[in-house]
Amino acid sequence: EVQLVESGGTLVQPGGSLRLSCAASGFTFSDYAMSWVRQAPGKELEWVSAINTAGDGTTYTDSVKGRFTIPRDNAKKTVYLQMNSLTPEDRAVYYCAAGVMYSSDYRLDSKYDYWGQGTQVTVPS
C-alpha cells in the first residue's frame, strides 16, 4: 500500500520556524520527485516547493524563497520542509506529493501520482 504521511504541523508564532516531515512507503521513493503543496482556507492548492530524485535540484515558489528549504533523505524515504520566518500568509494545510516527472511539470497538480493526507500549519495574525 502506498502511503505518504505528513507530520509536524502545529501552531507557531509569526517569525517562528517549523519543520514538516513526509514519510513514504509502498513505492520506490528514490525514483520520485517530491513536492510540498499547500491550501489556505478558502483558496486553491498552491505549489510550494519541489526536489528532484537525487536531492540536488530544488525549486520554490517566489513567496517562500529564502525562507523555506526542501531536503530529502532517500535512505529514510522522507522529505522535509524547513520553514523559517513564518507569517500568517503561510497558514495552510500542507501536503506532500510524489511524481515521476520533468522539473517543468512540478507546478502541475495533475502530474503527481501520490498525495499525503495533509498537516495543518497555523500562524496567527
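Residues numbered from 1 in each chain as written. Predicted model: local features only at pLDDT ≥ 70, side-chain atom pairs only at ≥ 80, totals over all residues. Heavy atoms only, no water.

### A look at the overall build of the chain
Helix and strand content of the chain: zero helices and eleven strands. Listing every helix and strand of the chain by position from the N terminus yields β-β-β-β-β-β-β-β-β-β-β. At 13 Å, the chain has a C-alpha radius of gyration in line with the 14 Å of a compact globule built from 125 residues. Taking the principal axes of its C-alpha atoms as reference, the chain extends roughly 40 × 25 × 25 Å. Once local pairs closer than 6 in sequence are excluded, the contacts in the chain between residues at least 24 apart make up 57%. When the accessible area of the chain is evaluated, it comes to approximately 6300 Å², of which 46% is carbon and sulfur surface. With 11 positive and 13 negative side-chain charges, the chain shows a separation of 5 Å between the mean positions of the two kinds. (Helix = DSSP H or I, 4+ residues; strand = E, 2+ residues; numbered from the N terminus. Rg over C-alpha atoms; globule rule 2.2 N^0.38 Å. Contact = heavy atoms within 4.5 Å. Areas by Shrake-Rupley, 256 points an atom, 1.4 Å probe, with all protein chains shown as cover. Lys, Arg positive; Asp, Glu negative; His and termini not counted. Charge placed at Lys NZ, Arg CZ, Asp CG, Glu CD.)

### Remarks on the state of the cysteines
Applying the stated criterion across every chain yields a total of one disulfide. Disulfide pairing is shown between Cys22 and Cys96; the S-S distance is 2.0 Å. On the sign convention where negative is left-handed, the bridge of Cys22 and Cys96, at about 55° about the S-S bond, is right-handed. Residue Cys22 is located in strand β2 (residues 18-25), and its partner Cys96 is located in strand β9 (residues 92-99); the two are separated by 74 residues in the primary sequence. (Disulfide = S-S within 2.5 Å.)

### Regarding the packing of aromatic side chains
Evaluation of the coordinates by the stated rule reveals four aromatic pairs. Centre to centre, the rings of Tyr32 and Tyr114 are 5.6 Å apart; their planes meet at 35°, and the pair counts as tilted. Placement of Tyr32 in the loop between β2 and β3 (33-39) and of Tyr114 in strand β10 (residues 114-115) is noted, with a sequence separation of 82 residues between them. Every member of this aromatic cluster is reached through a ring pair, and the members are Phe27, Tyr32 and Tyr114. (Phe/Tyr/Trp six-rings, centres within 6.5 Å; stacked < 30°, edge-to-face > 60°.)

### Describing the environment of Pro88
Residue placement: Pro88 occurs in the loop between β8 (78-83) and β9. We classify Pro88 as partly exposed; its relative accessible area is 27%. Linking Pro88 and Thr61, residues 27 residues apart in sequence, is a C-alpha distance of 17 Å. Excluding anything up to four places from it in sequence, Pro88 contacts Val123, Pro124 and Ser125. (Buried < 20%, exposed > 50% of the residue type's maximum accessible area, 1.4 Å probe, protein only.)

### Points about the nonpolar core
Residues Trp36, Phe68, Met83 and Tyr94 are the most contacted members of the largest nonpolar core, which totals 27 residues. Broken down by secondary-structure element, the contributors of at least two residues to this core are β2, β3, β4 (45-51), β8 and β9. Those residues in contact with Phe68, other than ones at most four positions away along the chain, are Arg38, Val48, Tyr60, Leu81, Gln82, Met83, Asn84, Leu86, Asp90 and Tyr94. Formed by eight residues, the second largest nonpolar core is a distinct cluster that contains Ala33, Trp47, Ala97 and Met101. (Core = buried A, V, L, I, M, F, W, Y, C linked by side-chain atoms within 4.5 Å.)

### Some thoughts on unusual backbone geometry
Phi at Lys77 takes a positive value of approximately 55°, unusual for a residue other than glycine. Assignment of secondary structure puts Lys77 in the loop between β7 (72-73) and β8.

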